[in-house]
Amino acid sequence: MILELKEVHGYYDKSHILNGVTLSVGQGTSVCLLGRNGVGKSTTMKTIMGMLNPKEHCKTEGSMKFDGKELAGMKSHSIARLGIAYVPQGRHIFPTLSTEENLKVAARAGVDGSCKWNLETVYTFFPRLEERKDSKGDKLSGGEKQMLAVARGLMQNPKMMLLDEITEGLAPIIVDQLASMVQNLVAEGVTILIAEQNVKFAMKVSSDCYILERGAIVHHQATKELTAETRKKYLGL
Amino acid sequence: MTVSFFFQTLISGISNGMVSYLMIAGVSLIISGMSMVNFGQGAFYVLGTYLTYTIAAKIGFVPSLILVPILVAGIGYFVEKATRPLFGKDMLYIMLLTYGVAYMLCDIIVMFWGYSIRLLSLPAFLNGGVKIVGIKFPVYYIFEIVISGITAFAFWLMINKTKLGMLTRAIISDRPMVANLGVNVNQMFSVLFMIGIGIAGLGGVLNAPVTGMSPKEGLSIFGNVMPILCIGGLRNMDGCLPAALLVGLVNAFGAVYLPQYYNVLPAALMVICMFINPKGIFTRREGR
């Protein structure tokens, strides 16, 4: 397993958001974290990235191992440098930087020294971004911003990507494009943990899924085997 | 006003503006990148001037142009480390702390150099005047413009063409995301602070042969250049140069035409500009 979370608890001040999350992600697989709004999917992602900062009255407990290294207590930049690229909910594109600058700013060789993902390969993967390379981040459409957010993650040549609600607010046609993009990434050997509310999307792009409810994993199954009953029970669909 | 006097006043205004730019560019960089108003900038500027008095006497003025900014930046490194625990807290704490640092620096200058106002004599090649299309200009003014111009260009290149500059612009809008890209934001703050302070130190070196300075001016000089910061835009690094030139010219021509109002002109200009656009008249509406 490349990522293993054991009994992870997360707190925002006095609010106990994660109640002992345990999950694992295998090398080269795509795993999905499903759940309704506010169950702790994004908090799980932020916890993995070390973003629950004690200075902001946040706290994390439990064990999080990535590639055998304990993440708990590490700072965000050190976690990213282990080979985890985080694509946050809301995209967080730098608005005053051009598309190309948004990519260049993230460019880094992977932990193994590989530079497989660079401007050229990213533009081949996302030709639309090359067409918009001089446009400022805040001038891009929602779909373009999402592509850029994923491409920016790839520029770090990561071992693993955390994709947080990447389909949020996008038209169905764009969601379909994103699904094939994630499938292609998995085919390229990138390990992916994806937080989603969109079950159809999750079923297309992931092999395994965990369902979160009130900050705890309540169900774990191969995504394709998710029954209508399970979906109705946990996701209200 | 004769044509030659007009051009001499123009060059004097530009050179004053360019030296003020060196101080304010660093302030703007630190505000933009670190969300920190460094009230101690004036003290670092004066420290640059006083270090030049001592170092230029030993190794000459031109090498001081390189060595003194590096020394001042090195001192800035420790000041940044000392102020770091207050980062992310109320900006008022940082303002008071940096003002306190300015007081301490000024007293340290007094400890080493005393209260007496000094003036560095110009190296021979920078003395005297040079004739350009029949008009005589002081060589040192031209030298100040060239050195400050090169620094301004290098600063522009750094902000707009290097990864550090991109990260500086990125951090203005989204500091956590920059950290998520694997960038050690604290280390980056140290580098930005040192660059900002080092540029002020360079301004201090250029000032050494022109104006005799009291060590305590480190406290008041920041107030003198504050109008430049507000006119250019607090978080607009590109606005510093035109604002500094504008204030330099207003000062130079104001001294000729409105000598009785000379002191109030930059502040009045700042108030007018802030009514026009509080974010600075050189700030583009759509972004940075």
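- By the naming in an unreviewed UniProt entry, chain B is Amino acid/amide ABC transporter membrane protein 1 (HAAT family), taken from Lacrimispora xylanisolvens.
- A UniProt comment under Subcellular location (unreviewed entry) is attached to chain B, and it reads "Cell membrane".

Some points on the overall build of chain A
Now for step 1: For chain A, the helix and strand inventory stands at nine helices and 10 strands.
Now for step 2: Computed over its C-alpha atoms, the radius of gyration of chain A comes to 17 Å, within 12% of the 18 Å expected for a compact globule of 237 residues.
Now for step 3: For chain A, the spread of C-alpha atoms along the three principal axes comes to 45 × 40 × 30 Å.
Now for step 4: In chain A, buried positions account for 52% of the 237 residues.
Now for step 5: Relative to all contacts within chain A whose residues are 6 or more apart in sequence, the contacts with residues 24 or more apart total 68%.
Now for step 6: In the form shown here, chain A has an accessible surface area of approximately 10300 Å², with 50% of it arising from carbon and sulfur atoms.

Some thoughts on the interface of chain B and chain A
Now for step 1: In this complex, chain B contributes 20 residues to the contact, which on the side of chain A involves 24 residues.
Now for step 2: Taken together, the two surfaces of chain B and chain A that pack against each other cover about 1800 Å², and 57% of this comes from carbon and sulfur.
Now for step 3: Ionic pairing is found between A:Glu101 and B:Arg169, a salt bridge with its closest N-O pair at 2.9 Å.
Now for step 4: Elements supplying a minimum of two residues to the side of chain B that touches chain A: helix 6 (163-173) and helix 7 (175-180) of chain B.
Now for step 5: Looking at which element gives the most residues to the side of chain B that touches chain A, the answer is helix 6 of chain B, with six residues.

A look at the sheet that holds strand 4 (residues 58-66) of chain A
Now for step 1: In space, the four strands of this open sheet follow the order 2-1-4-5 (chain A), with antiparallel pairing throughout. Edge positions in the sheet fall to strand 2 (15-25) and strand 5 (69-70) of chain A, since each of these pairs with one other strand and no more.

Examining the nonpolar core
Now for step 1: In terms of nonpolar packing, the biggest core is built from 128 residues, with A:Leu34, A:Phe126, A:Met161, A:Phe201 and B:Phe155 touching the most fellow members.
Now for step 2: When residues of this core are assigned to their parent elements, the largest contribution, 11 residues, is made by helix 1 (residues 3-34) of chain B.
Now for step 3: A domain-level breakdown of this core finds at least three residues from each of domain 1 (3-83 + 159-235) and domain 2 (93-157) of chain A.
Now for step 4: Leaving out residues up to four positions away in the same chain, A:Phe201 has contacts with A:Ile166, A:Thr167, A:Val175, A:Leu178, A:Ala179, A:Val182, A:Ile194 and A:Glu196.
Now for step 5: Formed by 28 residues, the second largest nonpolar core is a distinct cluster that contains A:Leu3, A:Leu71, A:Ala80 and A:Ile84.

Observations concerning the UniProt feature "transmembrane region" (unreviewed entry) in chain B
Now for step 1: UniProt tags residues 21-47, 59-79, 91-117, 137-159, 185-206 and 241-258 of chain B as "transmembrane region" (unreviewed entry).
Now for step 2: The annotated region residues 59-79 of chain B carries 95% helix and 0% strand content, and the separation between its end C-alpha atoms amounts to 27 Å.

Considerations on the packing of helix 2 (residues 41-59) of chain B against helix 3 (residues 61-83) of chain B
Residue and element names in this part refer to chain B.
Now for step 1: Two elements in contact, helix 2 and helix 3, have axes separated by 9 Å at closest approach and are oriented at 135°. Taken together, the axes of helix 2 and helix 3 are oblique relative to one another. As helix 2 packs across helix 3, the resulting crossing turns out to be right-handed. Residues Phe44, Leu47, Gly48, Leu51, Thr52, Ile55, Ala56 and Ile59 of helix 2 touch helix 3, and the partners they reach there are Phe61, Pro63, Ser64, Leu67, Val68, Leu71, Val72, Ile75, Gly76 and Val79.
Now for step 2: Across the contact of helix 2 with helix 3, the residue classes break down as 14 nonpolar, four polar and no charged.

Parameters at a glance
- Residues numbered from 1 in each chain as written.
- Chains lettered and ligands numbered in written order.
- Predicted model: local features only at pLDDT ≥ 70, side-chain atom pairs only at ≥ 80, totals over all residues.
- Heavy atoms only, no water.
- UniProt positions renumbered as here; feature names shortened; annotations may be inferred.
- Helix = DSSP H or I, 4+ residues; strand = E, 2+ residues; numbered from the N terminus.
- Rg over C-alpha atoms; globule rule 2.2 N^0.38 Å.
- Buried < 20%, exposed > 50% of the residue type's maximum accessible area, 1.4 Å probe, protein only.
- Contact = heavy atoms within 4.5 Å.
- Areas by Shrake-Rupley, 256 points an atom, 1.4 Å probe, with all protein chains shown as cover.
- Buried area = accessible area lost by both parts, 1.4 Å probe.
- Salt bridge = Lys/Arg side-chain N within 4 Å of Asp/Glu carboxyl O.
- Pairing = 2+ DSSP bridges.
- Core = buried A, V, L, I, M, F, W, Y, C linked by side-chain atoms within 4.5 Å.
- Domains from an automatic or database assignment.
- Axes fitted to C-alpha atoms, helices over the stretch in contact; angles between N-to-C directions.
- Parallel < 35°, antiparallel > 145°, perpendicular 65-115°, else oblique.
- Left-handed = near helix turned anticlockwise from the far one by under 90°.
- Nonpolar A, V, L, I, M, F, W, Y, C, P; charged D, E, K, R; others polar.

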